Amino acid sequence: QVAPNFTGVNHQPAVIMGRHMDLGEACIKWVLFIMNILVTLAGAGFVALGLYIKLEAKGYEEFLGSDFSLSWMFIVVGAVIALVGGCGCCGANKSSTLFLLVYFI
């Protein structure tokens, strides 16, 4: 079905994943997908930074001199961020309510 817009020109709704969407819904879906890719990459960056501190910059942790391990904090926080971003990315791409529920919780 073709719906006329205010100028009288007919346009086709976007078809994404076999489902008709209007332009606003499709735009929000792609923005959410791209932002979650960036969040996942940031989480992976935190994991990489934690691994670098743990393996190469041992003097930095000795400088802090406490039981607080900065490298493990970066690794755990980065893994959680990457997991949440990945759930949001998959949820936005596949319109999966389970992944979106995990993402929003």
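Residues numbered from 1 in each chain as written. Predicted model: local features only at pLDDT ≥ 70, side-chain atom pairs only at ≥ 80, totals over all residues. Heavy atoms only, no water.

Undergrad: What am I meant to see in the environment of Ala-48 here?
TA: Examined against the element boundaries, Ala-48 turns out to sit in helix H1 (residues 23-55). For Ala-48, a relative accessible area of 43% gives the class partly exposed. With 31 residues separating them in the primary sequence, Ala-48 and Ala-79 have C-alpha atoms 9.9 Å apart. (Helix = DSSP H or I, 4+ residues; strand = E, 2+ residues; numbered from the N terminus. Buried < 20%, exposed > 50% of the residue type's maximum accessible area, 1.4 Å probe, protein only.)

Undergrad: Which parts of the structure should I look at to understand H1?
TA: Along an α-helix, residues three or four apart share an orientation, since each turn contains 3.6 residues. With 33 residues, H1 should reach 48 Å at 1.5 Å per residue; the first-to-last C-alpha distance of 48 Å fits that figure. Turning to H1, its buried residues are Ala-26, Lys-29, Phe-33, Asn-36, Gly-43, Gly-50 and Ile-53. (Expected span 1.5 Å × (residues − 1).)

Undergrad: Looking at this model, I keep getting lost on the packing of aromatic side chains. Mind explaining?
TA: Both the distance between ring centres and the angle between the ring planes are used here to describe each pair of aromatic rings. Under the criterion given, the structure shown has two aromatic pairs. Look at Trp-30 and Phe-33: their rings are 5.5 Å apart centre to centre, the planes differ by 85 degrees, and that puts the pair in the edge-to-face class. Placement of the pair is Trp-30 and Phe-33 together in helix H1, with a separation of three residues, close to one helical turn. When its relative accessible area of 17% is taken as the criterion, Phe-33 is described as buried. Relative to Phe-74, the ring of Phe-46 has its centre 5.7 Å away and its plane inclined at 15 degrees; by these criteria the two rings are stacked. Remark: Phe-74 occurs in helix H3 (residues 70-94) and Phe-46 occurs in helix H1; sequence separation between them is 28 residues. (Phe/Tyr/Trp six-rings, centres within 6.5 Å; stacked < 30°, edge-to-face > 60°.)

Undergrad: Would you mind showing me how to read the packing of H3 against helix H4 (residues 97-104) here?
TA: For any two helices packed against each other, the geometry is given by the interaxial angle and the distance between the axes. One way to put it is that H3 packs onto H4 with a least axis distance of 8 Å and a crossing angle of 145 degrees. Both H3 and H4 take part in a crossing whose hand is left-handed. Facing Val-84, Cys-87, Gly-88, Cys-90, Gly-91 and Ala-92 of H3, the residues of H4 in contact are Phe-99, Leu-100, Val-102 and Tyr-103. Of the residues in the contact of H3 with H4, the class split is eight nonpolar, two polar and no charged. (Axes fitted to C-alpha atoms, helices over the stretch in contact; angles between N-to-C directions. Left-handed = near helix turned anticlockwise from the far one by under 90°. Contact = heavy atoms within 4.5 Å. Nonpolar A, V, L, I, M, F, W, Y, C, P; charged D, E, K, R; others polar.)

Undergrad: I tried to follow the packing of H1 against H3 on my own but got confused; where do I start?
TA: At a minimum axis distance of 7 Å, the contact between H1 and H3 shows a crossing angle of 160 degrees. Considered as vectors, H1 and H3 are oriented roughly antiparallel to each other. Seen from above, H1 lies across H3 with left-handed handedness. Its residues placed into classes, the contact of H1 with H3 shows 19 nonpolar, ten polar and two charged. (Parallel < 35°, antiparallel > 145°, perpendicular 65-115°, else oblique.)

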